[in-house]
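Listed below, chain by chain, are the residues.
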Amino acid sequence: MTAARVRSGGRPTLEEVAARAGVGRGTASRVINGSPRVSAHTREAVEAAVAELGYVPNRAARALAGNRTDAIALVVPESESRFFAEPYFSDIVRGVGAALADTEMQLLLTLVGSDRERRRLAQYLTAHRVDGVLLVSVHADDPLPDLLEQLGMPAVMNGRRSATEPLPSVDSDNFEGARGAVEHLVSRGRRSIATITGRLDVYASQRRLDGYRKALADAGHEPDERLIAPADFSEEGGVRAMRELLARRPDVDAVFAASDLMAAGARQVLREAGRRIPDDVALIGFDDSAVARHMDPALTSVRQPIEEMGRAMTRVLLEQIAGESAERQQIVLPTELVVRDSS
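Rules used throughout
- Residues numbered from 1 in each chain as written.
- Predicted model: local features only at pLDDT ≥ 70, side-chain atom pairs only at ≥ 80, totals over all residues.
- Heavy atoms only, no water.
- Buried < 20%, exposed > 50% of the residue type's maximum accessible area, 1.4 Å probe, protein only.
- Helix = DSSP H or I, 4+ residues; strand = E, 2+ residues; numbered from the N terminus.
- Pairing = 2+ DSSP bridges.
- Contact = heavy atoms within 4.5 Å.
- Salt bridge = Lys/Arg side-chain N within 4 Å of Asp/Glu carboxyl O.
- Axes fitted to C-alpha atoms, helices over the stretch in contact; angles between N-to-C directions.
- Phe/Tyr/Trp six-rings, centres within 6.5 Å; stacked < 30°, edge-to-face > 60°.

## Some words on the pairing of strand 4 (residues 155-158)
- Of the two faces of strand 4, the one lined by Ala 155 and Met 157 and the one lined by Val 156 and Asn 158 are each fully buried.
- Of the pairings in the sheet, the one linking strand 3 (residues 132-136) to strand 4 comprises four bridges and is parallel in character. Opposite Val 136, over in strand 4, you have Asn 158 as the bridge partner.
- Sheet topology note: the strand 4/strand 5 (residues 169-172) ladder contains two bridges and is parallel. Among the inter-strand pairings, Asn 158 is bridged to a residue of strand 5, identified as Val 170.

Structure below.
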């Protein structure tokens, strides 16, 4: 070891780290670069060798040699007010942060709520100031995914834009989650089951609406468009949609809302109208956020593994950046109906 250190000018090399850890140079490099594609045992061995030898990676040289910035962007095409109002986003950020905790990657959070901000982001990405991008809450007509593909920049989406999405993505099973929620309402004897959808230019909203329709069809319920009220995932949107539903179908006896926040808005309107939950109207949300647990009565909700989605997106992106995966993965994680007092 001493001779090797003298040959390298007294500064430990990557080769010495690999030899001390008993692994190849490439494996040692993957650990130091934060790749998830190494075993816990190997990671511990390399990290111990780094600590023993006092190895310090030359980040600047490594970045220049590989055109790397050691940073990734988490891009959310929403306004600041919506980002901080919806628990979904904070859970995604928590999952991304957990996946990056053992790496040297920095996370850049970027909110894109206007055309001006979108243009600025496009210029930033074109200059390749990050190594990869995580995209959350993407609408069907959003040009950002296509720009990333043109730039050849590694990117992973939280949810797809369509069934034929070309970019890698991680999502929950929106169709089965919604179908299970409505089947639960049918099993409780509900007959006039309405839904409050999210924005229908978001594929997840379309899939939840498809699941709602499939469950009703399987139960032999006649379709009625008056029982479908589009909204925007916000509490205010839930308020507006619930008022529309009561005006169109006063006999509604159950509501499946495509987010917990919209369910909270619906609950407010139902109470104002003197409707008891669940006696007169059963209510189900989607996300199983803190909102669901703290509502009165506690809200039945479809739990989706939001933090795990954030972690999975990050793992896939890091593999792309490290050149370890050319596969365009489409990962769909299961949901679970958490039954509480509201249904």
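## Considerations on the side chain of Ser 137
- Turning to its location among the elements, Ser 137 is positioned in the loop between strand 3 and helix 9 (144-151).
- Those residues within four positions of Ser 137 in sequence are excluded, and the remaining contacts are Pro 77, Glu 78, Phe 89, Asn 158 and Arg 199.

## Some remarks on the pattern of salt bridges
- Overall, the coordinates contain 29 salt bridges when judged by the stated rule.
- For Glu 86, the salt bridge goes to Arg 82, with nearest N and O atoms at 3.3 Å. Neither Glu 86 nor Arg 82 differs from the other in exposure class; each is buried.
- The shortest N-O distance in the salt bridge between Arg 311 and Glu 307 comes to 3.7 Å. Of the two residues, Arg 311 and Glu 307 are both situated in helix 15 (residues 306-321); the distance of four residues between them amounts to about one turn of the helix.
- When its relative accessible area of 29% is taken as the criterion, Glu 307 is described as partly exposed.
- Salt bridges here are not isolated pairs; linked through shared partners, they connect Glu 78, Arg 82, Glu 86, Arg 199, Asp 232 and Arg 240.

## Some details on the sheet that holds strand 1 (residues 71-76)
- Strands sit in the order 2-1-3-4-5-11 across an open sheet of six strands; the sheet is parallel. On the outer flanks of this sheet lie strand 2 (106-111) and strand 11 (330-333), each paired with one strand and no other. Going from strand to strand, the sheet's axes swing by 20 degrees on average, the running direction of each strand aside.
- Bridge count between strand 1 and strand 3: four bridges; the pairing is parallel. Note on strand 3: the bridge partner recorded for Ile 72 is Gly 132.

## Quick look at the sheet that holds strand 9 (residues 282-287)
- Read across the open sheet, the six strands follow the order 7-6-8-9-10-12; overall the sheet is mixed. Each edge of the open sheet is held by one strand with a lone partner, namely strand 7 (228-230) and strand 12 (336-338). Taking each pair of neighbouring strands and ignoring which way they run, the sheet shows an average axis angle of 20 degrees.
- Here strand 10 (residues 300-303) runs beside strand 12; their pairing, made up of three bridges, is antiparallel. Opposite Arg 303, over in strand 12, you have Glu 336 as the bridge partner.
- Each of strand 6 (193-197), strand 8 (254-257), strand 9, strand 10 and strand 12 touches helix 10 (residues 174-187); the most contacted strand, strand 9, lies at about 165 degrees to it.

## Comments concerning the packing of aromatic side chains
- Taken as a whole and assessed by the stated rule, the structure comprises four aromatic pairs.
- A centroid spacing of 5.1 Å and a plane angle of 90 degrees characterise the contact between Phe 83 and Phe 84, whose relative ring orientation is edge-to-face.
- Given the relative accessible area of 62%, Phe 84 is considered exposed.
- Members of the aromatic cluster, connected to one another through ring pairs, are Phe 83, Phe 84, Tyr 88 and Phe 89.

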